[in-house]
Amino acid sequence: MLTLTRDEILAIYAAGPAAVVALVEQLLARLTQQEQQIAVLTARVNALEAHRRKDSHNSSKPPASDGLAKKTQSLRRPSGRPSGGQPGHPGTTLRFTPCPDAVVVHTPDTCAGCGAALAAVPESSQEARQVHDLPPLRLVVTEHQALTKVCPHCQTRTAARFPAGVTQPIQYGPGIRALAVYLHEYQLLPLARTQELLADLFGCSLCEGTLGNALATCFERLAPVEAAIQTALIGAPVVHFDETGARVAGKTQWLHQAGTERWTYYAVHPKRGRAAMDAIGILPRFRGTSVHDGWGAYAGYDCRHALCNAHHLRELIYVAEQTQQPWAPAMIALLREIKGAVATAQGAGQVALPAVQRAVFVDRYAALVAEGLAANPPPAPTGQRGRPKQSAAKNLLDRLDRRREQVLAFMDDFAVPFDNNLAERDLRMMKVRQKISGCFRTEGGAATFCRIRGYISTLRKQGEHVLTALQSLFVGQPRLPELPHSEIMHPAG
């Protein structure tokens, strides 16, 4: 900052007009520089304030990032129905079993009135109560003895064969190995807690190497199943795609997901974008409709695209809260109205909206986008290299304008969902695992998790019993999910 004493100012004045003009020019240059610094700092403060005001209800930030001081707000609208089971729901109340495993009879020995003996007196009535409980938990040890016999004719010694899978003098069977994998990969218990639980319930000290071998067996035997799921997704009409960060071997990598209502596929890759998607191999050959969140790498693939409107609703909520521009809440209402109209038409057995109704929705959508663009003009050039930074509202409007067919894909094709929530549900347990265990220690561990978890997720979507399916892997007869046009080679037991 330029500071001058009174005597210095008088000296400049005495030096003549040229000296005064030079001083004023110097002061103006300093003022312009300060104004530019203030503008930069103001923009930075505004950006930080805007970031601070974002949470899970108005951005793509996960609910866990909201902290304990904030209440997570859901995009779901109140249904007006009371909580709990609705009328007509069958419920899960305990019911009497007609054939109990054990019956314990309680007989009174003496009369409650006079004290007479009742041992020889027949009962006049009875009341039954049933208790559903666990039996004593313990491992069942089966010893297999392979006998050898000598042929009385040729004296050849013939030994019996042990059952498939019985290869060691002492080993764990398929049930306990399947349970260990189930706890570790599906219920997401860390290794130490898996060992503790098995020790507490069954008294078995399952070591880390045994669990590692069980996981390796599942990984090997599920290779053809994973390939078949990948092929099924390539031929599916609509597939959801998403990705999330993961720590693998001390580095940030990306867990990619592709899924439908029937199948789930996971893969870990060091990259998030095109290189990873090409390596995974689904999108390069996919020709159906890809549902995703608008990440730029998806747009480069030769298939139809549908954007997630749950993301748009959250972004619109943010714009409405921060700018109070009326087009944003109106667009929220319109998207929800179109979603409701599609649901009503589907419920009535229709395969498309009436042409007049669709045209009205399209016109209203275009009008709201135009209103928003008018309220959010492009930023003025700054004289610096690159495009000027746009506001969140302008970025959103550009997407709603240029990709409106992808935004409204759910309106024109009822097979396309309104949002990409299926993919987010498929990835949610990955984030839970990350909170519990922090990271994958090796890339092999991450690949094993992806293959087993994809198999489990697929089975759950198809209503299969996960623990029984995992047990089938260890007896060499894996339970296969329903897959179209594919025959899976059964791996050897």
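Scroll up a little and you will see the structure.
Keep in mind that what you see is a predicted model, and the values were worked out from it rather than measured. Residue positions are given per chain, counted from 1 along the sequence in the order it is written. Residue-level local features of this predicted model are given only where pLDDT is at least 70; pairs of side-chain atoms are given and counted only at 80 or more, and the full residue set underlies all totals for whole chains, interfaces and linings. As a rule here, side-chain values come from all non-hydrogen atoms in the structure, and water together with hydrogens is ignored.

### Comments concerning the overall build of the protein
Then, in step 1: Secondary structure follows DSSP: runs of H or I at least 4 residues long count as helices, runs of E at least 2 residues long count as strands, and numbering of each begins at the N terminus. Helix and strand content of the protein: 16 helices and seven strands.
Then, in step 2: By residue count, 34% of the 493 residues in the protein fall in the buried class.
Then, in step 3: Contacts were defined at the residue level, with two residues in contact if any of their heavy atoms lie within 4.5 Å. Expressed as a percentage of contacts within the protein between residues at least 6 apart in sequence, the contacts between residues at least 24 apart total 61%.
Then, in step 4: Residue burial considers only the protein chains on display, and all accessible areas are found by Shrake-Rupley using a 1.4 Å probe. By element, 56% of the accessible surface of the protein is carried by carbon and sulfur atoms, the whole surface being about 31,000 Å². Buried, partly exposed and exposed residues are distinguished by accessible area as a fraction of the type maximum, computed with a 1.4 Å probe on protein chains only: under 20%, between the cut-offs, and over 50%, respectively.

### Topic: a nonpolar patch on the surface
Then, in step 1: A patch consists of residues whose relative accessible area exceeds 30% and which take part in no salt bridge; residues with like charges are grouped when within 9 Å of each other, and nonpolar side chains (Val, Leu, Ile, Met, Phe, Trp, Tyr) when within 5 Å. Every case where a carboxyl oxygen of Asp or Glu lies within 4 Å of a side-chain nitrogen of Lys or Arg is listed as a salt bridge. On the surface, a cluster of nonpolar side chains totalling about 470 Å² of accessible area is made up of Y13, V20, V24, L28 and L31.
Then, in step 2: Here the element with the most residues in the nonpolar patch is helix α2 (residues 17-52); it accounts for four residues.
Then, in step 3: The residue V20 is located in helix α2 in this model.

### Side note on the nonpolar core
Then, in step 1: Judged by nonpolar contacts, the single largest core of 50 residues is most densely connected at V181, L198, L233, F241, I282, Y455 and L470.
Then, in step 2: In terms of residue count, the dominant contributor to this core is helix α3 (residues 174-186) (eight residues).
Then, in step 3: Excluding its chain neighbours within four sequence positions, the residues that come into contact with V181 are Y186, L211, A214, L215, C218, I452, L470 and F474.
Then, in step 4: Here, nonpolar core refers to any group of buried Ala, Val, Leu, Ile, Met, Phe, Trp, Tyr and Cys residues whose side-chain atoms link them within 4.5 Å. With 35 residues, the next largest nonpolar core counts F361, Y365, L368 and A393 among its residues.

### Section: the side chain of E185
Then, in step 1: Note on placement: E185 falls in helix α3.
Then, in step 2: Leaving out residues up to four positions away in the same chain, E185 has contacts with L215, T448, F449, I452 and R453.

### Side note on unusual backbone geometry
Then, in step 1: Residues other than glycine seldom take positive phi values, yet Q155 does so here, at roughly 65 degrees.
Then, in step 2: In this fold, Q155 is placed in the loop between β1 (148-150) and β2 (157-159).
Then, in step 3: The class of Q155 is exposed, set by a relative accessible area of 52%.

### Observations regarding the pairing of strand β6 (residues 289-292)
Then, in step 1: Where burial is concerned, the two faces of β6 agree: the one with T289 and V291 and the one with S290 and H292 are both buried.
Then, in step 2: With three bridges connecting them, strand β3 (residues 238-248) and β6 associate as parallel partners. Paired with V238 across the two strands is T289, which belongs to β6.
Then, in step 3: Bridge count for β6 against strand β7 (residues 304-307) is four bridges, and the pairing is parallel. Strand pairing is assigned whenever DSSP identifies at least 2 bridges connecting the two strands.

### Focus on helix α5 (residues 208-221)
Then, in step 1: With 14 residues, α5 extends 20 Å between its outermost C-alpha atoms, agreeing within 8% with the 20 Å of an ideal straight helix rising 1.5 Å per residue.
Then, in step 2: Residues of α5 that are buried make contact with α3, α4 (191-202), α6 (223-234), α15 (443-461) and α16 (466-474). Here the expected length of a helix is defined as 1.5 Å per residue gap, with one fewer gap than residues.

### Points about the pairing of strand β5 (residues 264-269)
Then, in step 1: Burial within β5 is extensive, with five of its six residues counted as buried.
Then, in step 2: Examined bridge by bridge, strand β4 (residues 251-259) and β5 share six bridges and lie antiparallel to one another. Bridge pairing links Q257 to Y266 in β5.
Then, in step 3: Taken together, β4 and the strand that follows it, β5, pair antiparallel across an intervening segment of four residues.

### A closer look at the packing of α3 against α5
Then, in step 1: Across the interface, α3 lies against α5 with an axial gap of 10 Å and an inter-helix angle of 85 degrees. Here α3 lies roughly perpendicular to α5, going by the angle between them. Taken together, the residues of α5 that come into contact with α3 (itself represented by R177, A180, V181, H184 and E185) are L211, A214, L215 and C218.
Then, in step 2: Residue type decides the class: Asp, Glu, Lys and Arg count as charged, Ala, Val, Leu, Ile, Met, Phe, Trp, Tyr, Cys and Pro as nonpolar, and the leftover types, Gly among them, as polar. Its residues assigned to classes, the contact of α3 with α5 shows six nonpolar, one polar and two charged. What counts as an axis is a line fitted to C-alpha atoms, over the stretch in contact for a helix, and the angles between N-to-C directions run from 0 to 180 degrees. To sort the angles, those under 35 degrees are grouped as roughly parallel, those over 145 as roughly antiparallel, those from 65 to 115 as roughly perpendicular, and the leftovers as oblique.

### Structural notes on the pattern of salt bridges
Then, in step 1: Per the counting criterion, the structure on display carries 14 salt bridges.
Then, in step 2: In this structure, E315 engages R399 in a salt bridge whose closest nitrogen and oxygen atoms are separated by 3.0 Å. One end of the pair, E315, is in helix α8 (residues 309-323); the other, R399, is in helix α11 (residues 392-402), and 84 residues separate them in sequence.
Then, in step 3: Note on E315: relative accessible area 22%, which makes it partly exposed.

### Section: α6
Then, in step 1: Across its 12 residues, α6 extends 17 Å between first and last C-alpha, which sits within 8% of the 16 Å expected from 1.5 Å per residue.
Then, in step 2: Among the residues of α6, those classed as buried are V225, E226, A228, I229, Q230, A232, L233 and I234.
Then, in step 3: Against the buried residues of α6 lie α5, β3, β4, β5, α7 (274-280) and α15.

### Regarding the sheet that holds β5
Then, in step 1: Strands sit in the order β5-β4-β3-β6-β7 across an open sheet of five strands; the sheet is mixed. A strand with exactly one partner marks an edge of an open sheet, and here the two such strands are β5 and β7. The mean inter-strand angle of the sheet, taken between neighbouring strand axes irrespective of direction, is 25 degrees.
Then, in step 2: Where α15 meets the sheet, it contacts β3, β4 and β5, and its direction lies at approximately 165 degrees from that of β5.

### Details of the packing of aromatic side chains
Two aromatic rings, taken as a pair, are described by how far apart their centres are and by the angle between their planes.
Then, in step 1: Only the six-membered ring of Trp is used, alongside the rings of Phe and Tyr, when aromatic pairs are assigned; centres must lie within 6.5 Å, and planes under 30 degrees apart are stacked while those over 60 apart are edge-to-face, with the rest tilted. This model, assessed by the stated rule, comprises five aromatic pairs.
Then, in step 2: Consider the rings of F241 and F286, whose centres lie 5.9 Å apart with planes at 65 degrees: the pair is edge-to-face. One end of the pair, F241, is in strand β3; the other, F286, is in the loop between α7 and β6, and 45 residues separate them in sequence.
Then, in step 3: Relative to F418, the ring of F410 has its centre 4.9 Å away and its plane inclined at 85 degrees; by these criteria the two rings are edge-to-face.
Then, in step 4: When its relative accessible area of 9% is taken as the criterion, F418 is described as buried.
Then, in step 5: Each member of the aromatic cluster is reached from another via a ring pair, and the members are F241, F286 and Y298.
Then, in step 6: Placement of a charge over a ring requires the Lys NZ or Arg CZ to be within 6 Å of the ring centre, with the centre-to-atom vector within 35 degrees of the ring normal. A cation over an aromatic ring shows up here: R272 above the ring of W295, its NZ or CZ 3.7 Å from the ring centre.

### Concerning the side chain of E226
Then, in step 1: With respect to the helices, strands and loops of the structure, E226 is situated in helix α6.
Then, in step 2: Dropping the residues within four chain positions of it, E226 is found in contact with Y265, Y266 and R451.

### Here's the deal with the environment of L334
Then, in step 1: With respect to the helices, strands and loops of the structure, L334 is situated in helix α9 (residues 327-347).
Then, in step 2: Leave out the neighbours within four places in its chain, and L334 touches F361, R364, Y365 and L368.

### Examining the environment of T458
Then, in step 1: Summarising the element assignment, T458 is placed in helix α15.
Then, in step 2: Residue T458 is classed as buried on the basis of its relative accessible area of 0%.
Then, in step 3: Counting along the chain gives 24 residues from T458 to E482, while the straight-line C-alpha distance between them is 8.9 Å.
Then, in step 4: Setting aside residues up to four positions removed in sequence, T458 forms contacts with I229, R262, W263, T264 and P481.
Then, in step 5: Definition of a polar contact: a pair of N or O atoms within 3.5 Å, with one able to donate and the other able to accept a hydrogen when the atoms are protein atoms, and with sequence-neighbouring residues admitted only if both atoms are side-chain atoms. Looking at T458, its side chain comes within polar contact range of the main-chain nitrogen of T264, at 3.0 Å.

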